[in-house]
Amino acid sequence: MSRKGLARLAMALLCLAVAATTASAQVFTGRIDVTAKDGTGAVLPGVTVELSGVQATSSVTDTRGEAHFLNLAPGRYTVEARLSGFNTYRNENVPVNAGSVIPLEVTLTVSGVSESVTVAAETPVIEAKRPAVATNVSLDELQRIPTSRDPWVVLQTVPGVIVDRVNVGGAESGQQSNYKAKGAGVNQNTWNMDGVAITDMAALGSSPTYYDFDMFQEMRVTTGGADVTSATPGVQLDFVLRSGTNNWRGSGRYYFENKDLQSDNLDPTLAGQITSYNRVNKYFDTGAEGGGPILKDKLFVWGAYGRTEPRLEIYSYTGPSGATFINQTPDCKPLGTSSTVGPNVFAISARDCTKLVNYSGKATAEISNSTRASFTYFRGNKQKFGRSASATRPAETTWNQDGPTEMFKGEINHTFGNSLFATARYAHINSGFSFEPQGGLDTTVYRDDNRVYHGTYYEYTTDRPQDTLAFEANYFKGNHELKAGLGWRRSLVDSSVVWPGGIYSFHRNYPNIEATIVRDWASSGEGLYWNGYVGDTYTRDRLTINAGLRWDRSAASIRETSVPANPLSDLLPAITAPAVKNAVVWNTITPRIGVAYALGAERKTLVRASYSMFAAQLDSNFAATVASAIPYYSYVYWAGTDTNGNNRLDPSEFTTFQGTYGFDPENPLGGNPDKIGKYKTPKTHEVLLGAEHELMPNFGVTGTFTWRKYTDFNWLHFRGVTGADYTQAGTVSGNDPVIGSYNVPYYAVNPDAVPADFGRVFEARDGYTQRYLGFEVAATKRMSNNWMMRMAWSSGANREYFSGPEAQADPTPSPPGTSQFTLLSPNKDGGLVLEQTAGSGKSSIYLASPKYQYILTGAYQAPWGINLGLNYLFRQGFASPYYMSSVPGSADDISGTDKTVLLVSDVDQNRLPNVHSFDARVSKNLKYDRFSLDLDLDMFNLFNASTTLGRQFDSGAGNFNQILEIENPRIIRLGVRVSFN
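Residues numbered from 1 in each chain as written. Predicted model: local features only at pLDDT ≥ 70, side-chain atom pairs only at ≥ 80, totals over all residues. Heavy atoms only, no water.

Is there a simple way to explain the overall build of the chain in this structure?
Helices and strands together make up the secondary structure of the chain, namely 5 helices and 61 strands. Rg of the C-alpha trace for the chain: 29 Å, near the compact-globule value of 30 Å for 981 residues, within the 12% margin. Across its three principal axes, the chain shows a C-alpha extent of roughly 100 × 65 × 50 Å. Across the 981 residues of the chain, 60% fall into the buried class. Across the chain, contacts joining residues at least 24 apart in sequence account for 72% of those joining residues at least 6 apart. Total accessible area on the chain is roughly 36,200 Å²; 55% of this is exposed by carbon and sulfur atoms. Taking the 87 positively charged and 94 negatively charged side chains of the chain as two groups, their mean positions are separated by 7 Å. (Helix = DSSP H or I, 4+ residues; strand = E, 2+ residues; numbered from the N terminus. Rg over C-alpha atoms; globule rule 2.2 N^0.38 Å. Buried < 20%, exposed > 50% of the residue type's maximum accessible area, 1.4 Å probe, protein only. Contact = heavy atoms within 4.5 Å. Areas by Shrake-Rupley, 256 points an atom, 1.4 Å probe, with all protein chains shown as cover. Lys, Arg positive; Asp, Glu negative; His and termini not counted. Charge placed at Lys NZ, Arg CZ, Asp CG, Glu CD.)

Is there a simple way to explain the pairing of strand β4 (residues 66–72) in this structure?
Successive residues of a regular strand alternate their side chains across the two faces of the sheet. A large share of β4 lies buried, amounting to 7 of its 7 residues. Where strand β1 (residues 30–38) and β4 come together, 5 bridges link them in antiparallel fashion. Paired with Thr35 across the strands is Glu66, a residue of β4. (Pairing = 2+ DSSP bridges.)

Just to check I follow, could you spell out the state of the cysteines for this structure?
Chemically, a disulfide is nothing more than a covalent bond linking the sulfur atoms of two cysteines. Considering all chains together, one arrives at 1 disulfide under this definition. Note on cysteine connectivity: Cys332 is disulfide-linked to Cys353, with sulfurs 2.0 Å apart. Around the S-S axis, the bridge from Cys332 to Cys353 shows a dihedral of about 75° and counts as right-handed. Here Cys332 is found in the loop between β19 (323–328) and β20 (334–341), whereas its partner Cys353 is found in strand β21 (residues 346–368), with 21 residues between them in sequence. In this structure Cys332 comes out as buried when scored by relative accessible area, which is 1%. (Disulfide = S-S within 2.5 Å.)

Honestly, the sheet that holds β1 in this entry has me stumped. Any pointers?
As summarised here, the arrangement of the 3 strands in space is β4-β1-β7, forming an open sheet in which the pairing is mixed. If you trace the sheet from one side to the other, it starts and ends with β4 and β7 (101–108), each paired once. The mean inter-strand angle of the sheet, taken between neighbouring strand axes irrespective of direction, is 20°. Judged from the 8 bridges that link them, β1 and β7 form a sheet pairing that is parallel. (Axes fitted to C-alpha atoms, helices over the stretch in contact; angles between N-to-C directions.)

I would appreciate a short explanation of the sheet that holds strand β14 (residues 216–225) in the present structure.
Whenever strands of a sheet pair, they do so through backbone hydrogen bonds, lying parallel or antiparallel. The strand order across the open sheet formed by 5 strands is β9-β14-β15-β12-β13, and the pairing between neighbours is mixed. One side of each edge strand has no neighbouring strand; the edge strands of this open sheet are β9 (132–137) and β13 (196–197). Sheet analysis places β9 next to β14, joined by 6 bridges and oriented antiparallel. Paired with Asn136 across the two strands is Arg220, which belongs to β14.

Honestly, the confidence of the model for the chain in this entry has me stumped. Any pointers?
The predicted structure's coordinates, where accompanied by low pLDDT, should not be read in detail. Averaged over all residues, the pLDDT of the chain is 89; the fraction at 70 or higher stands at 94%. Scored below 50 in pLDDT, residues 6–25 shows 50 contacts in the model against residues more than four places distant or in partner chains. (pLDDT = per-residue confidence, 0-100.)

So what exactly am I meant to see when it comes to the environment of Thr456 here?
For Thr456, the position within the fold is in the loop between β28 (453–454) and β29 (459–463). The contacts of Thr456, once residues within four sequence positions are left out, are Glu396, Thr397, Pro437, Gly439, Gly440, Thr443, Thr444, Val445 and Pro500. A polar contact is formed between the side chain of Thr456 and the backbone oxygen of Gly440, at a distance of 2.7 Å. (Polar contact = N/O pair within 3.5 Å; in protein donor to acceptor, adjacent residues only side chain to side chain.)

Where do I start with the pattern of salt bridges in this structure?
Pairing between side chains becomes possible if they bear opposite charge and their charged atoms approach one another. The tally for this structure, following the rule as stated, stands at 55 salt bridges. Across the salt bridge formed by Asp164 and Arg165, the nearest N and O atoms sit 3.0 Å from each other. What makes Asp164 buried here is its relative accessible area of 1%. Across the pair Arg559 and Asp494 runs a salt bridge, and its minimum N-O distance is 2.7 Å. Placement of the pair is Arg559 in the loop between β35 (543–558) and β36 (561–563) and Asp494 in strand β31 (residues 480–498), with a sequence separation of 65 residues. For Arg559, a relative accessible area of 25% gives the class partly exposed. A single network of salt bridges, built from pairs that share partners, joins Glu50, Glu80, Arg82, Arg90 and Glu92. (Salt bridge = Lys/Arg side-chain N within 4 Å of Asp/Glu carboxyl O.)

Just to check I follow, could you spell out the nonpolar core for this structure?
Generally speaking, a soluble globular protein has its nonpolar side chains buried in company with each other. Among the nonpolar cores identified, the biggest contains 32 residues, and Leu155, Met193, Tyr211, Met215 and Phe216 are the most heavily contacted of them. Every element with two or more residues in this core is listed here: α3 (151–155), β10 (161–163), β11 (179–181), β12 (190–193), β14, β15 (236–241), β18 (299–317) and β25 (420–430). Once residues lying within four places of it in the same chain are set aside, the contact partners of Phe216 are Leu139, Leu142, Pro151, Tyr211, Phe239, Val240, Leu241 and Arg242. In terms of nonpolar packing, the next biggest core, distinct from the first, is built from 27 residues, Tyr742, Tyr883, Val901 and Leu912 among them. (Core = buried A, V, L, I, M, F, W, Y, C linked by side-chain atoms within 4.5 Å.)

I keep staring at the side chain of Thr684 and nothing clicks. Help me out?
With respect to the secondary-structure elements, Thr684 resides in strand β43 (residues 683–696). The buried category is assigned to Thr684, whose relative accessible area is 3%. Once residues lying within four places of it in the same chain are set aside, the contact partners of Thr684 are Pro233, Ser612, Met613, Phe614, Arg708, Lys709 and Tyr710.

Help me out: how do you make sense of the packing of aromatic side chains in this one?
By convention here, two paired aromatic rings are described through the distance between centres and the angle between planes. Counted under the stated rule, the structure contains 47 aromatic pairs. Plain terms: the ring middles of Trp191 and Tyr211 are 6.1 Å apart, the flat faces sit at 5° to each other, and that makes the pair stacked. Of this pair, Trp191 sits in strand β12 while Tyr211 sits in the loop between β13 and β14; the two residues are 20 residues apart in sequence, bridging distant segments of the chain. Look at Trp191 and you get buried, because its relative accessible area is 0%. Take Tyr211: its relative accessible area is 6%, and that puts it in the buried class. When the centroid spacing of 4.5 Å and the interplanar angle of 10° are considered together, the rings of Phe216 and Phe239 count as stacked. In this pair, Phe216 is assigned in strand β14 and Phe239 in strand β15, connecting sequence segments 23 residues apart. Classification of Phe216 by relative accessible area gives buried; the value is 0%. Sitting over the face of the ring of Trp399, Arg393 holds its NZ or CZ atom 4.7 Å from the ring centroid. (Phe/Tyr/Trp six-rings, centres within 6.5 Å; stacked < 30°, edge-to-face > 60°. Lys NZ or Arg CZ within 6 Å of the ring centre and 35° of its normal.)

I'm lost on a nonpolar patch on the surface in this one. Help?
Together, Leu689, Phe705, Leu773, Phe775, Val777 and Trp793 make up a nonpolar patch on the protein surface, roughly 490 Å² of accessible area in all. In terms of residue count, the dominant contributor to the nonpolar patch is strand β49 (residues 768–784) (3 residues). With respect to the element layout, Leu773 can be found in strand β49. For Leu773, a relative accessible area of 31% translates into the label partly exposed. (Patch = residues over 30% accessible without salt bridge, like charges linked within 9 Å, V, L, I, M, F, W, Y side chains within 5 Å.)

Would you mind going over the environment of Ile966 with me for this structure?
In this fold, Ile966 is placed in strand β60 (residues 963–966). We classify Ile966 as buried; its relative accessible area is 8%. Sequence separation of Ile966 and Ala724 is 242 residues, and the distance between their C-alpha atoms is 44 Å.

Could you clarify how one ought to interpret unusual backbone geometry in this entry?
In terms of backbone geometry, most residues other than glycine have negative phi values and most peptide bonds are trans. With an omega dihedral of 20°, the bond running from Tyr510 to Pro511 counts as a cis peptide bond. Examined against the element boundaries, Pro511 turns out to sit in the loop between β32 (503–507) and β33 (512–518). Phi is positive for Asn71, which is not a glycine, with a value near 55°. Within the fold, Asn71 resides in strand β4. For Asn71, a relative accessible area of 16% translates into the label buried. The backbone of Arg149 shows a phi angle near 60°, a positive value even though the residue is not glycine.

Any chance you could explain the environment of Arg970 here in plain terms?
Counting through the fold element by element, Arg970 comes out in the loop between β60 and β61 (971–980). Remark: the alpha-carbon pair of Arg970 and Ser946, spanning 24 residues in sequence, is separated by 9.3 Å. Once residues lying within four places of it in the same chain are set aside, the contact partners of Arg970 are Leu261, Gln262, Ser263, Phe940, Asn941, Leu942, Phe943 and Asn944. Within the local environment of Arg970, its side chain forms a polar contact with the backbone oxygen of Leu942, the two atoms lying 2.8 Å apart.

The structure is reproduced here in structure tokens:
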């Protein structure tokens, strides 16, 4: 094809894409590229190729002998090829995964005695056209491997991904895990369901809901590569829902655990070091799914229902003085009474009960041989009673959570001839939830000297609807496959926080107390997201080149909202935030290019190289959080002494005014002094070098080296203040048996450099970069010959770099915080990047790229219907960034509060113990005709490890270095699964 012809073709395809209002393509289907040849190797046009299985369709090969089948639901297909004068070709085992591009060479022999030829050749493991580094978790693995049956457990089996918890038998399934890979922040992860981006754009990186595990046909996890449809450098998780086929089929299950099936891993030595631990009270998981044809070959339906209820008991150490706990029923309902427990024992301080209920359904219509339409509905609701119960959050400070997420999605696929394929889809998502404090709004909050909260906690409500339109097109011409798409997405968020009584108290060596008077908070934001891409996959003999350009535009706006005054302080009047359109806009064009070359006569080996640039995703509520006239933090500080013994600082006990934060005290109605300055779009540059080899049919190995550089960071810091404005103000010195000796300087800003309104500015952080270097090796064996396996080893390091003091500002070493505006690392040139995560019932976990991580999953179909499975994880422990909060005498900085100072010179010098998690399954299968019964016995944490997962790293806390969290003990899960096909 001439250059002029290619240019015209590309322009036509781009115009086709521009004509539609769409959203980014998400990987949830696969495809088969058939090339028909005769016995001499000559291509055969006019061959009729038919597919049957999960979907049924047909096509005719073109002048190049090619037929393309796109947008195929994952599963196994049968391929038949017919041409007059030749034997019929039939292959009954062509597995298709999400994102896979299966090159299937069909050889037709001249007809003789036989009318057809059935081949046993397996589908190639090596896919030269697949540009992404991805792990596909098939239905076989989802059903045969013992897991806690949530997506976050599957994520920890992907090379390079680190998850912030160990979920033993579903003990953590009532709360989302945090995770990251290859240096990308937690907030760069994306979630996608059946081609629709569903990421919670007001809590970037999070899922808007929870899931019924049996509704998945497959999961695909992408961690990098040159795929032009991938928007961010984070982990891209794609769910593929099941669908109806020409055969009626279905399944049901019931899984059960209780505390009688749980061991004890708390020996006397460990009991003397821990302040709290969790135990399963009861767990069950039940549901059913099924579907089939309404009109054979034309209309198919499928539906699923699932309900999962993990119930936990949180045991806390009562200490030498005993403790008083609010009573709850076994189903976590508060009794409104309290019990006093004796000293030096572990007692149930709170219960954590979660109810996850999911409905999903799909209807698919084959309108014609060239047009297919589908409609998908999903509803997931989480109710959690006792959310955030932990060693530092006893029952009265927990929340009751409620709020469903619904998705409505329609899609249409159309084939124009044999060369042009187009897809359009629309989806609407209703999402939102609330946290209602179990302690109510009639009492106030206080935190004691051990960092334990009491009384109650704040109330939080949020509403987060989204709308998405999507379009994709693929065009085949000669050696080229052109693709294009455009996208549009709108995400709204309305949120509010109410603090009971408008005040909370912090013990500072009780009876000395610091009180914080806080204004309620409300925020209303809007995110509008546009994207487009064009790409070309060029193949010639052994060479495959993927090249493309991607455009992303993200705009965050502020919508009008208001909050009432706090009656405890005239400095916190009622305030209204006006609307601001497009307050923050990120606009980028990013290139992608990848090259693959096949080696050897049989082409069983591929070498790959790629370069990609990614733009970061923008929180839909980001502008409202940064620059709304209602600041997220509006505080007035008082100090005093508790004279009436109620553990709180009442207004009559205020003695010393300590200042304000988050607004200008000279202009209380001025609202938020923070502004938006000159910022950049954060970017990631990635280079991959790798190789793949097919060891045998259905068994392949890969190795990938990853280099990433993260640039164009932004930060929110005090306006006009640079690193040159800080001078050393003191030193934190000491010698601790845990930490060793330390002598750490801390710094204070020159008061003359501080803006009069204490305002901050969101702007580019010039001179600051991060780098990631990593390597991973993986081996995958598909289910064949009665066994399957997935194994991987990975290692990586993510470090930060400062070109000078302007990129660092305050050089005080400090641990990372959970806010999106705090540093993600210990503020050290060349230091290891940490990211702090926290969640319901979790201690603070500090994620750092592990130097070593090994995973192994496998299943074996033994004789007599016995099935065996295992799931093993081994990785380096979490980082231990020991620090001192509220350093005495350091309250001379802008905020007026005492500093938190990191005490260790290298955050990697202290690691928690290595994590070993070993799960096993023994299952008995019974079959009768089309019916199947499986009796499962799953054992989680088989060797009953009690690995430390969290400690108190604050040397200023009364329980410093005590263990806050350990791996849950061994537990047995009993399960029954029935199915028919």
